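Reading the structure
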Amino acid sequence: MTYLYSFLFVGIVCLIGQIILDNTKLTPGHITSLFVIIGAFLDIFSIYDWFIDNVGPGAYVPITSFGHSLIHGALARASDVGFFGLFLGAFDLTAAGIVSVIFFSFIFLLIFNPKD
Amino acid sequence: MEKKDYKRIVDSNKPKENRIANSVISFLVGGFMGVFAHLLSDFYQFTFDISSKDAATFMLLTFIILACLFTALGFFDKWVNFAKCGLIIPITGFAHSVMSAGLDYKREGPIYGIGCNMLKLAGSVIVYGIVSAVLFGSIRYIGGF
């Protein structure tokens with residue numbers, strides 16, 4: 001049953017993105033930035049946490065979870081060391097994603113050449 | 001020729017995009033990405049006996065590696081053109097944007113080509129993510145929600 005929730009959640013997020021892309025002049029770059037901001041915004045009232053608890057791992061797939069992980073790491077550190085923990089902890093949870101994107105892109109860039 | 005007439009002729013010759021088909025395709029592709037992510041995450045959780053959060057991180061790493069590799073091999077661009085937001089909104093779009101920017105600028109050298117331009121498109125995601133996280137995080141921290 002949770003597989004169906006994953007299907008619906010990711011599908012609906014992608015559908016919203018596609019509708020914005022088709023009906024406005026925004027480019028994919030605008031939409032991904034907007035979705036990251038929305039993901040962080042939904043975490044003010046723990047709405048995205050609710051999605052992750054109920055939907056399961058599927059909720060980590062859209063780019064909105066990137067904003068959620070940033071704010072979540074920041075708040076976790078802030079509860080330990082006070083307000084400046086927001087600056088210390090922002091990358092705590094997303095470090096794996098960013099490091100792996102940069103590392104593997106670099107390795108593959110050394111190996112492969114662009115195909116035209 | 002009047003501007004109006006010109007605009008009418010241009011509009012009539014524009015390639016028509018089928019918006020409903022686009023939406024259905026991106027819904028289905030996105031949905032199957034979600035199911036695949038869930039299956040992979042469950043597989044990691046039971047095989048390596050780790051918590052569900054670690055399994056989700058491993059699953060994201062798998063998606064990132066696959067997206068980078070397929071972009072380097074050259075056929076991921078066609079998939080993105082077909083599925084559009086179905087592959088741009090998931091984390092694969094983030095990896096694809098880094099990799100394709102790197103491939104475009106590779107011939108300008110390792111420093112000014114790859115190093116400077118790799119995060120060209122993904123940079124906006126990181127910048128707005130950090131700014132909104134600190135801003136909304138301080139709202140939640142001070143407000144105490």
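Residues numbered from 1 in each chain as written. Chains lettered and ligands numbered in written order. Predicted model: local features only at pLDDT ≥ 70, side-chain atom pairs only at ≥ 80, totals over all residues. Heavy atoms only, no water.

**Describing the overall build of chain B**
Looking only at helices and strands, chain B has eight helices and zero strands in total. Each helix (α) and strand (β) of chain B, taken in turn from the N terminus, gives the series α-α-α-α-α-α-α-α. Sorting the 145 residues of chain B into buried and exposed places 46% on the buried side. Pairs at least 24 apart in sequence give 48% of the contacts found in chain B among residues at least 6 apart. Carbon and sulfur atoms make up 66% of the accessible area of chain B, which totals about 8400 Å². Taken as two groups, the 14 positive and 10 negative side-chain charges of chain B have centres that lie 8 Å from each other. (Helix = DSSP H or I, 4+ residues; strand = E, 2+ residues; numbered from the N terminus. Buried < 20%, exposed > 50% of the residue type's maximum accessible area, 1.4 Å probe, protein only. Contact = heavy atoms within 4.5 Å. Areas by Shrake-Rupley, 256 points an atom, 1.4 Å probe, with all protein chains shown as cover. Lys, Arg positive; Asp, Glu negative; His and termini not counted. Charge placed at Lys NZ, Arg CZ, Asp CG, Glu CD.)

**Examining the domain arrangement of chain B**
Domain parsing of chain B yields domain 1 (3-90) and domain 2 (105-145). Domain 1 of chain B and domain 2 of chain B are separated by 21 Å when their C-alpha centres are compared. (Domains from an automatic or database assignment.)

**Section: unusual backbone geometry**
One non-glycine residue, Ser46 of chain A, adopts positive backbone phi at about 60°. With respect to the helices and strands, the residue Ser46 of chain A is situated in the loop between α2 (28-42) and α3 (47-55). Assessed through its relative accessible area of 28%, Ser46 of chain A is described here as partly exposed. Its identity is not glycine, yet Lys84 of chain B carries a phi of approximately 45°, on the positive side. Structurally, Lys84 of chain B is set in the loop between α4 (76-83) and α5 (85-88).

**Focus on the interface of chain B and chain A**
Opposite the 65 residues of chain B that make contact, chain A presents 66 residues. Roughly 5800 Å² of surface becomes buried between chain B and chain A when both sides are summed, with 79% attributable to carbon and sulfur atoms. Applying the counting criterion to the chain B and chain A interface returns one salt bridge. Of the charged contacts, one joins Asp43 of chain A and Arg140 of chain B as a salt bridge, the two residues approaching to 3.6 Å between their closest N and O atoms. In this structure, the connection of chain B to chain A is made through 12 residue pairs in polar contact (both at pLDDT 80 or more). Those elements giving two or more residues to the side of chain B that touches chain A turn out to be α2 (19-48), α3 (52-73), α5, α6 (91-104) and α8 (122-143) of chain B. (Buried area = accessible area lost by both parts, 1.4 Å probe. Salt bridge = Lys/Arg side-chain N within 4 Å of Asp/Glu carboxyl O. Polar contact = N/O pair within 3.5 Å; in protein donor to acceptor, adjacent residues only side chain to side chain.)

**Remarks on the side chain of Lys106 of chain B**
Topologically, Lys106 of chain B is positioned in the loop between α6 and α7 (110-117). Here the side chain of Lys106 of chain B touches Leu109 of chain A through a polar contact of 2.8 Å, landing on its backbone oxygen.

**Description of the packing of helix α1 (residues 2-23) of chain A against α2 of chain B**
Where α1 of chain A contacts α2 of chain B, the axes come no closer than 7 Å and their chain directions differ by 145°. Crossing of α1 of chain A against α2 of chain B: the hand is right-handed. (Axes fitted to C-alpha atoms, helices over the stretch in contact; angles between N-to-C directions. Left-handed = near helix turned anticlockwise from the far one by under 90°.)

**As for the packing of aromatic side chains**
All names here are of chain A. For the structure shown, the criterion picks out 22 aromatic pairs over all chains. Relative to Phe51, the ring of Phe9 lies with its centre 5.0 Å away and its plane at 50°, an arrangement referred to as tilted. Here Phe51 lies in helix α3 and Phe9 lies in helix α1, a separation of 42 residues in the sequence. A residue is classified by how much of its surface remains accessible, and Phe9, at 12% relative accessible area, is buried. Centroid distance Phe108 to Phe112: 6.2 Å. Interplanar angle 50°. Geometry classified as tilted. (Phe/Tyr/Trp six-rings, centres within 6.5 Å; stacked < 30°, edge-to-face > 60°.)

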